[in-house]
Amino acid sequence: MTNTPYTSAPPSSYQPLIPREEALTRLRTELGTRREHIRQAFEQREKNGVETARNLALLMDHIIETLARYAGLPGSETEQPAHSEAFCLCATGGYGAALMAPFSDVDLLFLTQTPPSADLIKSIEYVLYTLWDLGLRVGHATRTIESAMEMAKTDQTACTTLLDIRPLYGQTALAHTLRKQHDIYLKGPSLKKFIRGAIAQREERHLAFGDTPYLVEPHIKEGKGGLRDLQVLNWIGHAALGYDIPEQSTRQHARGLAPISTLLGLLTKREVARTRILWNFFWTVRLHLHYITGRNEERLTFDVQPIIGARMRYGNHGHQRGVDRFMRHHFLMARAVMRLSHVFQPALILYLRHQIQQSPPHIEAGPEAFKRIDGYLSLPNPLALVKEPVTVFRFLDCARRHQLTLHPTALQQLIRFERHSAALRENAEAASLFLKLLCDPLKEAHAPADAPTHEAIKERTFWLPLLNETGILSHFLPGWSRILGRTQFDGYHLYSVDAHIIESIRILRLIEQGQMADELPLAYKIARTITQRTILYLAALLHDIGKGRGGGHSEIGAQIATRICQQLGLSASDNDTVSWLVLHHLLLSRTAFSRDIDDPQTILDLADIIQSPKRLRLLLLLSIIDIRAVGPHAWNAWKATLLGRLYSRIADVLEGGLQAQEDDERVEQNKIFVQEALQAEGMTPADIAHFIKLGRPGYWLGFDGDSQLRHARLVSRYRAEGRDDAILLDIAPLPERGITELTVFCKDQPGLFSRITGALALCGASIADARIHTLNGNMVLDTFWFQDPYGEAFIEEEHLDRLRETVIQAIHGEIDLSETLKAAQFPLTRRLEALHIPSQVLIDNEASESCSIVEVNGRDRPALLHNITATLSRMKLHISSAHIMTYGLRAVDVFYITDATGHKLTSPAQEEALAAALINTLHQTAEPPT
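Because the structure is a prediction, the values reported are computed rather than measured.

Calculation notes
- Sequence order as written defines the numbering, with residues in each chain counted from 1.
- Reporting in this predicted model follows two pLDDT cut-offs: at least 70 for local features of residues, and 80 or more for side-chain atom pairs to be given and counted; totals over whole chains, interfaces and linings ignore these cut-offs and use all residues.
- Side-chain numbers here rest on the full set of heavy atoms in the structure, without hydrogens or water.
- Interaxial angles span 0 to 180 degrees and are taken between N-to-C directions of axes, which are lines fitted to C-alpha atoms, for helices over the stretch in contact.
- Runs of H or I in DSSP of at least four residues are treated as helices and runs of E of at least two as strands, each being numbered from the N terminus.
- For classification purposes, angles smaller than 35 degrees are called roughly parallel, those larger than 145 roughly antiparallel, those between 65 and 115 roughly perpendicular, and all remaining angles oblique.
- With the far helix as reference, a near helix turned anticlockwise by less than a right angle produces a left-handed crossing, and one turned clockwise produces a right-handed crossing.
- The criterion used for residue contact is that any of the two residues' heavy atoms lie within 4.5 Å.
- Gly falls in the polar group here, along with every residue not listed as nonpolar (Ala, Val, Leu, Ile, Met, Phe, Trp, Tyr, Cys, Pro) or charged (Asp, Glu, Lys, Arg).
- Think of pLDDT as the predictor's per-residue confidence, scored from 0 to 100.
- For this analysis, a salt bridge means a side-chain nitrogen from Lys or Arg found within 4 Å of a carboxyl oxygen belonging to Asp or Glu.
- Only protein chains enter the accessibility calculation, which uses a 1.4 Å probe; a residue whose area is less than 20% of its type maximum is buried, one above 50% is exposed, and one in between is partly exposed.
- For two strands to be treated as a pair, DSSP must find at least two bridges joining them.

Asker: Explain the packing of helix α2 (residues 49–71) against helix α4 (residues 118–133) residue by residue, including any values.
Answerer: In contact at an axis separation of 9 Å, α2 and α4 are set at 135° when each is read in the N-to-C sense. The angle between α2 and α4 falls in the class oblique. Crossing handedness for the pair α2 and α4: right-handed. Contacts from I64, L67, A68, Y70 and A71 in α2 reach S123, Y126, V127, T130 and L131 in α4. Partitioned by chemical class, the residues of the contact of α2 with α4 number eight nonpolar, two polar and no charged.

Asker: Before we move on, could you go through the confidence of the model for the protein chain and cite the residues and values that matter?
Answerer: Averaged over all residues, the pLDDT of the protein chain equals 84, while 88% of them reach at least 70. Across residues 658–662 the pLDDT falls below 50, and counting only partners more than four positions away or on other chains, this stretch makes 16 contacts in the model. Within the model, pLDDT remains below 50 along residues 925–930, and this stretch shows 13 contacts once partners closer than five positions in the same chain are excluded.

Asker: Describe the environment of L437, listing the residues and the values that go with them.
Answerer: Tracing the backbone through its elements, the reader meets L437 in helix α17 (residues 428–439). If near-sequence neighbours (up to four positions away) are discounted, L437 is found in contact with F393, L396, D397, R400, W463 and R509.

Asker: Please give an account of the pattern of salt bridges that cites residues and values.
Answerer: In this structure the tally under the stated criterion is 34 salt bridges. Taking the shortest distance from any N to any O, the salt bridge between R137 and D105 comes out at 2.7 Å. One end of the pair, R137, is in the loop between α4 and β3 (138–144); the other, D105, is in the loop between α3 (93–96) and β2 (106–112), with 32 residues separating them in the sequence. We note a salt bridge from R394 to E388, for which the minimum N-O separation is 3.1 Å. In the salt-bridge network here, residues are joined through shared partners; they are R205, E222, R228 and D229.

Asker: Quick rundown of the pairing of strand β15 (residues 890–898)? Include the residues and the values.
Answerer: Of all nine residues in β15, eight are buried, a share of seventy percent or more. The pairing of strand β13 (residues 852–859) with β15 spans eight bridges and is classified as antiparallel. Considered in β15, the bridge of S852 is made with I897. Here strand β14 (residues 878–887) pairs with β15 via nine bridges, running antiparallel. Residue I884 lies in a different strand from β15, and its bridge partner there is D893. Turn length for the β14-β15 hairpin, with the two strands adjacent in sequence and antiparallel, is two residues, and the turn residue G888 shows positive phi of about 70°.

The following block contains the structure:
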């Protein structure tokens, strides 16, 4: 609230009853003592969340009433002289609803009959200054009844705050007059405008806070499915019915004991009880959040989740930690709020039209024995779903084919039906209809003109979220209930497991329709050739269904997928393909991002697993949508490049080609191409011959022709320098791939790779991939692909110059990387430190013919790659290539290494020593010496 200016008043002779300093001393002591008592009662579980929020509001009432008396503000009608000003001090907004969190704002309205005198203004200032000195956040306005109504008519927020206006001190008749005028205003078109405005504000808020209730760090107040959504329902109900609410219900709401949505007679007793549980749950979580953080914090971050879970008595159970159980319960509560919004809001709007506007519902016959009510598709009778459970899928399929929106009462019946839906598991018709709902392309639904929102229509036409929110999916699909609301604590996934799966189906639908052709061109191209759509959709639906059970979720998920496919009536062959896709859904992404895809053995091993070009195409699509469904920032052009290259190499092998084999013919072809191109550029024959002799077969098969031409120019410049210690760099931004490429050509020297990675870390570069080629003559060609902190290519010339200078200084030893990197590192925030990221080292001597593969897993931090490579250098190990990937806070760094003699690690003792050294590096916070 903001203060409304008035015309100037005569000079003031104002004197408070008690000096402000004395009032401040008295009230600060009382406020602190009573707040602590309220907190102790809450934390000792003597009072629940709503009762505590009510007690905090009562305490604030007492403080403000006392302060108003100290200030000498005009009292009630019986207390003040007849000549004094008509005045009422009111609570509005959240405080007006008689509920407060420990650090909530105190919203006040100083209401007057006429513009205030100078003395009244001074009294008001006394109150405000004292409240501020008490450390309270105060929203305030000083208005007459007329100006308050003018503001309410032009401002949605001001109109909303007056719904909960509550007199605290002074002439309460003023507040009642304003409430009556506000109630009269909220009739007819104004009411319709207010409701539409409240819904529009809610949708804007949802977009601002992630547009899903299943974020792993949800905003419990403003996020979708949070406390504010319950309050919006209250406001709509309060605005619609005004003084038509029974007096007992009004008093109950005024005491904060129940949300007004439970008092309107539109919900069953069970739903009313559920809503009160929701109301108390969110207030309880919010209060814990304020008390733990000591501030007006509304986001349930990783660091506070286990603390609140423990305070609310969520203990470990089986494979589930207490914090997992708490967050799952939170998501189920958020889903219940969304259910209430889906049912209550449209039902209330229809109630207004039918009851208040005296417009009875228009009922007519609908398609396929169903009916329409005011244009919405509805069920013939409430018992239809229980009598014949398959009706639920017939009903939804009818809505899908006829593009009709569901009536709110039908949604309510679907929610009430959820516990009966397990009977559908062995029903062949239900299986067939479910697959149609899952796989059919998205169509725009026809909705009545007064349908609440376009967003709601779109949600209804994408049936999977509806099946999930109503609970039908949990009963229909074995295993789904185990992933419902399951949080993924890795700093990488944005959503709960079920929300991630539903997002992957949505992405797949958009790919098929061409709506993501620009972002995912390879996926769109392949999707147009896919004929086994049902298999792909089922694989996407089930790819993470094995999470949260302990052990490998891919293996567990494949077993669950087999059972579900049998339930849905798939053939043995299709069942095998779906379970195979679930088992291997991480195969391509893990290989592309953490293995050398130019290693022939890698490609041949993958080809042996995949075996079929059809399976390869399905697996690639599944890999892409799985990554993209993590969140928009999880996918980038570099990942697309790596997956595309891997796909083409495997496809070539599966189709009988030789792309993955280091045969002399391909090497010679590449040499001829480069030689002819360099001759056309005018390079001397001696320089061309020198370059052609440098590269070994692995080099000629590992880079494209354009890269090899850049390397040739670099080698030519090195020869022109005429010095053995010369170090030449080439930096090439590749914005179309979202990456920058750095090539370093020089004499080989110990620790070179580690010093380059340290220099890149100093410049804020995140290394995505690295390749080391040892050439003839003891020369090395090190290539690094890296991105800026925002996941994009370095492009600006000044950034590239700084990179070049820093790398050269680091190679020459002019920078003390140990101390410089240590000073440059920033500690993780507390919310991220709370996430447990285990450290692990895996050594594989079978996956490559010439190298040992070392995979290092641990918490990511600045210069981690430099620390690891420094350790490898100290152990006299040579790095052939490095492949770097981060998943939120987890780094997965893979190195192809050989020992000092150029061979794999041959003894268990070598492997154990290396693993121990790397684990020690991961656990160190200081930079190890290079």
